[in-house]
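# Overview (structure and organization)
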Amino acid sequence: MELRRIQDYLWEIPRHGEMRVPGRVYASKQMIDELREDPALNQVENVACLPGIVGYSLAMPDIHWGYGFPIGGVAAIDAADGVISPGGVGYDINCGVRLLLTKLKRADIEQHVDRLADALFAAIPAGVGSHGAIPSLSLAELKKVVRDGIGWAVANGYATPADVEHIEEGGCLASADPDAVSAQAYQRGHRQLGTLGSGNHFLECGEVDEIYQPKDAKALGLEMGQVTVLIHSGSRGLGHQTCDDYLKVIGRTAERYGIKLPDRQLAAAPTKSPEGQAYLGAMAAAANFAWCNRQIIAHLAERAFMEALSLNPNELGFSLVYDVCHNIAKFEEHVVDGKKMRLCVHRKGATRAFGPGHPALAPKLRALGQPVLIPGDMGRYSFVLIGLEHAMRETFGSTCHGAGRVLSRHQAKRAARGRDLVEELARAKVVIRATSRATLAEEMPAAYKDVANVVEVMEAAGVSRRVARLKPFAVIKG
Amino acid sequence: MKKFYRELEHAGDLAIEVFGGTRAELFAHALTAMARLMVEEKGIGNVARQEYECAAADDLDLMHDVLARALNLFLIDGFMWREAKVEEKSRDRLLITLCGEQYDPSRHRFLREIKGVTFHRLFTGRGRDGWRAEIIFDV
């Protein structure tokens, strides 16, 4: 594959064949050398073939193989005459990350980490088929959740109005259509609100162990040694079933709409078609469910902290820094070739990173720029970034979302054979509580790239900059 | 018994190759393979049945539907099967019978979660040695 170096950290796949736009990959020289034979780059080319795509088919430095779209891919598609693709959002609709602060310092709770981990593990259902975090909801109530998003959580005591300003889109996509979600999706999701799930989802207690931008850190309330909570989860079975339902529906319409698909998983329909509109309504509903899910997990975590450490809410000082989604398609205005356009920006394994002054940011954050949360692996660190103005010109306001796998699940399991990962992590001062040893093996730190290299590329490219680094000390896994 | 499926090395998720002497057997083996990947066979009784029909214009859609319907029987209703039978009602319509019982975590050993059946690189076809499919599951 031909790859042209455009800048130190930016590579271009020239337009050829059916590609409507070139591909662009953010990566270091070493990353590109490792990627050259990777099918993920072919997926960047495939995405470039979608009707209505503008600018570039983009890949962030954490790019890796996905279904249809690569993970770490961004595609901005003309809202007027382009397509919407469920595969461009992914199965876990609005999978995302939220960061909470406490008033605690790591040193204050050094002796209580095991007790805290036990309390969190008991309070937050994790793992396969986890359910029962809150009383089961009726279908009518569940439809309110997917319609109102965080508004439902506020009305039911799981969130405060202040939280809303610290969540992407205020925690609700108004375009949600509860009737576009299938009965099976409701059945899969109805007992899963407030649950982590399995795979790479987690809750991580960490401490701020490095600050890169003191002014930005102060604006976000981050101090050295401060205890933080990072939550990574999504829309659980409800989102998964929604994606599956619409891959089937939309995949069958391709011929009718004259859309050639290099991969069935890239299924796409015109945004304005009945099928496209139905998917958008269902996707927004699943996104709203995911925001409520992370909100309730945070609510349960706050209670677990208070119980384990015998603190009242004021002493604990749990507060939301931000909540971002990294699997979603949203309508946004961007300037393309000097012209303002309304685009449907698909981010699959990519995070919105709007720069300072963007009107979509809440007034409190507007001068700063959007906080971006980038989890690493459970042994090393995660990062807090800020979106920069350059992102608006270069990446449709997007940046990376995580470390990206370096070992397959099989390879990770083989590498973990005969090792006691819990003990190894304990020696690194990370307490683990996990429902499955197999998941733990698949998610071992060595299975992931060093996320520091990923965020450095985006900083060098001027898209986002590091504010602080978080070092985990207790991790809850499914 | 000749192995009717094998796991393929795959970067992010779970991929399998399935074999069958006939088209119907290929679908049945794919169903049984999916069950084996999720729950250990030992201890699954053969005391209940679930039947459903699937219809689709091509074998890829049909394979996806057959497996996705069965997966939801497990994920939503907790039904786990030990054996699968597939009858070709017509070229584009299959009758599926799953024989098994309610999954009980106290008696059955859960192996891994499958969240979905993908269309990505989904393949079914007939070769010199019989029928073959490749399926990637989202886990």
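Relevant structure appears above.
Because the structure is predicted, anything quoted here is derived from the model rather than measured.

The next thing to look at is the overall build of chain A. A tally of regular secondary structure across chain A gives 17 helices and 19 strands. Over its C-alpha trace chain A gives a radius of gyration of 21 Å, about what one expects of a compact globule, namely 23 Å for 478 residues. Dimensions of chain A, computed from C-alpha atoms along their principal axes, come out at roughly 60 × 50 × 50 Å. Burial analysis of chain A (478 residues in total) assigns 65% to the buried set. Partitioning the intrachain contacts of chain A with sequence separation of at least 6 by distance along the chain shows that 77% fall at a separation of at least 24. Of the roughly 16800 Å² of accessible surface on chain A, 49% is carried by carbon and sulfur atoms.

Okay, the pattern of salt bridges next. Residue and element names in this part refer to chain A. Following the criterion strictly, the structure yields 56 salt bridges over all chains and no others. In this structure, Glu423 and Arg427 form a salt bridge, with 3.5 Å as the shortest nitrogen-oxygen distance. Of this pair, Glu423 and Arg427 both sit in helix α15 (residues 421-427), four residues apart, which is roughly one turn of the helix. Connected through shared salt-bridge partners, Arg405, Arg409, Lys413, Glu442, Glu443 and Lys477 make up one network.

The next subject is the pairing of strand β7 (residues 96-105) of chain A. A regular strand carries its side chains on alternate faces of the sheet. Residue and element names in this part refer to chain A. Most of β7 sits out of view: eight of its 10 residues are buried. Relative to strand β9 (residues 226-233), β7 is paired through seven bridges, and the arrangement is antiparallel. Along β9, the bridge assignment pairs Arg98 with Ile231. In terms of strand pairing, β7 meets strand β11 (residues 319-325) through six bridges, oriented antiparallel. In the strand pairing of β11, Leu100 is matched with Leu320.

This brings us to the packing of aromatic side chains. Remark: the centre distance and the inter-plane angle together describe each pair of aromatic rings, the angle taken between the planes. One pass over the structure, following the stated rule, counts 11 aromatic pairs over all chains. Ring centres of A:Tyr381 and A:Phe383 lie 5.6 Å apart, and the angle between their planes is 65°; on these two criteria the pair is classed as edge-to-face. On the basis of relative accessible area, A:Tyr381 is assigned to the buried category, the value being 14%. Given the relative accessible area of 2%, A:Phe383 is considered buried. Centre to centre, the rings of B:Phe74 and B:Phe110 are 6.3 Å apart; their planes meet at 15°, and the pair counts as stacked.

To continue, consider helix α4 (residues 139-148) of chain A. Residues lying three or four places apart along an α-helix face the same way, a consequence of the helix completing one turn every 3.6 residues. Residue and element names in this part refer to chain A. Inspection of α4 places Glu141, Leu142, Val145 and Val146 among the buried residues, and these make up the whole buried set. Buried residues in α4, looked at end-on, bunch into an arc of 140°, giving them a common side. Where the residues of α4 are buried, they touch α5 (150-155), α7 (183-189), α9 (236-251) and α10 (274-309). Looking one or two places after α4, you find Gly149, whose phi comes out positive at around 55°.

Across the contact, 29 residues belong to chain B and 30 residues belong to chain A. Both faces combined, the contact of chain B with chain A buries some 2400 Å², and carbon together with sulfur accounts for 48% of it. Put simply, chain B and chain A have four salt bridges between them. Its salt-bridge partner being A:Arg252, residue B:Asp61 comes within 3.2 Å of it at the nearest N-O pair. The interface formed by chain B and chain A contains 18 residue pairs in polar contact (both at pLDDT 80 or more). Among the secondary structure elements, those contributing two or more residues to the side of chain B that touches chain A are β1 (5-8), α2 (59-75), β6 (116-117) and β8 (130-138) of chain B.

Residue and element names in this part refer to chain A. Ordered by their spatial adjacency, seven strands build an open sheet running β1-β2-β3-β4-β5-β13-β12, and the pairing between neighbours is mixed. With partners counted over all chains shown, the strands left at the sheet margins are β1 (4-7) and β12 (327-336), one partner each. Across the sheet, the mean angle separating the axes of adjacent strands is 25° when strand polarity is ignored. Relative to strand β2 (residues 10-13), β1 is paired through three bridges, and the arrangement is antiparallel.

A few words on the packing of helix α3 (residues 113-123) of chain A against α10(A). Residue and element names in this part refer to chain A. Between α3 and α10, the shortest axis-to-axis distance is 9 Å and the interhelical angle comes to 140°. In terms of axis orientation, α3 runs oblique to α10. For the pair α3 and α10, the sense of crossing is right-handed. Seen from α3, the contacting residues are Arg115, Leu116, Ala119, Leu120 and Ala123; seen from α10, they are Leu300, Ala301, Ala304, Phe305, Ala308 and Leu309. By residue class, the composition of the contact of α3 with α10 is 10 nonpolar, no polar and one charged.

Backbone hydrogen bonds are what pair the strands of a sheet, in a parallel or an antiparallel way. Residue and element names in this part refer to chain B. Spatial ordering of the open sheet is given by β3-β5-β4, a layout of three strands whose pairing is antiparallel. Sheet topology places β3 (48-55) and β4 (79-90) at the edges, where each strand pairs with a single neighbour. Adjacent strand axes in the sheet meet at a mean angle of 20° when their direction is disregarded. Bridge count between β4 and strand β5 (residues 93-102): 10 bridges; the pairing is antiparallel. Directly across from Phe79, in β5, lies its bridge partner Gln102. On top of the sheet, helix α1 (residues 23-38) reaches β3, β4 and β5; it is set at about 165° to β4, its chief contact. The sheet strands contacting α2 are β3, β4 and β5, and the helix crosses β3 at an angle near 150°.

Rules and cut-offs
- Residue positions are given per chain, counted from 1 along the sequence in the order it is written.
- Going through the entries in the order they are written, you letter the chains from A and number the ligands from 1.
- pLDDT decides what is reported in this predicted model: residues at 70 or higher carry local features, side-chain atom pairs at 80 or more are listed and counted, and totals for whole chains, interfaces and linings draw on all residues regardless.
- Side-chain descriptors were evaluated using all non-hydrogen atoms of the structure, hydrogens and water having been removed beforehand.
- Starting at the N terminus, helices and strands are each numbered in turn, a helix being any DSSP run of H or I of at least four residues and a strand any DSSP run of E of at least two.
- Computation of the radius of gyration draws on C-alpha atoms, with the globule rule given as 2.2 Å multiplied by the number of residues to the power 0.38.
- Residue burial is assigned from relative accessible area. The probe radius is 1.4 Å, only protein chains are included, and a residue is buried under 20% of its type maximum, exposed over 50%, and partly exposed in between.
- Any two residues whose heavy atoms approach within 4.5 Å are treated as being in contact.
- Computed by Shrake-Rupley with a 1.4 Å probe, the accessible areas treat only the displayed protein chains as cover when residues are assessed.
- Salt bridges are defined by distance alone: a side-chain nitrogen of Lys or Arg within 4 Å of a carboxyl oxygen of Asp or Glu.
- Paired strands, in this sense, are two strands between which DSSP finds at least two bridges.
- What counts as a ring pair is set by centres within 6.5 Å for rings of Phe, Tyr and Trp (its six-membered ring), and what kind of pair is set by the plane angle: stacked under 30 degrees, edge-to-face over 60, tilted for all other angles.
- Summarising the geometry, the arc corresponds to the directions from the helix axis toward the C-beta atoms.
- Buried surface area refers to the total accessible area, computed with a probe of radius 1.4 Å, that the two partners give up upon joining, counted for both partners together.
- N or O atoms closer than or at 3.5 Å make up a polar contact, with two conditions inside protein: a donor-capable atom paired with an acceptor-capable one, and, for residues adjacent in sequence, both atoms drawn from side chains.
- Between N-to-C directions, angles cover 0 to 180 degrees, with each direction set by a line fitted to C-alpha atoms, over the stretch in contact for helices.
- Roughly parallel means an angle under 35 degrees; roughly antiparallel means over 145; roughly perpendicular covers 65 to 115; every other angle is labelled oblique.
- Definitions for this section: a left-handed crossing has its near helix turned counterclockwise from the far helix by less than a right angle. A right-handed crossing has that turn clockwise.
- Residue classes follow a fixed rule: Ala, Val, Leu, Ile, Met, Phe, Trp, Tyr, Cys and Pro count as nonpolar, while Asp, Glu, Lys and Arg count as charged, and any other residue, Gly among them, counts as polar.

Everything listed here is a matter of coordinates, which is why it stays silent on function.
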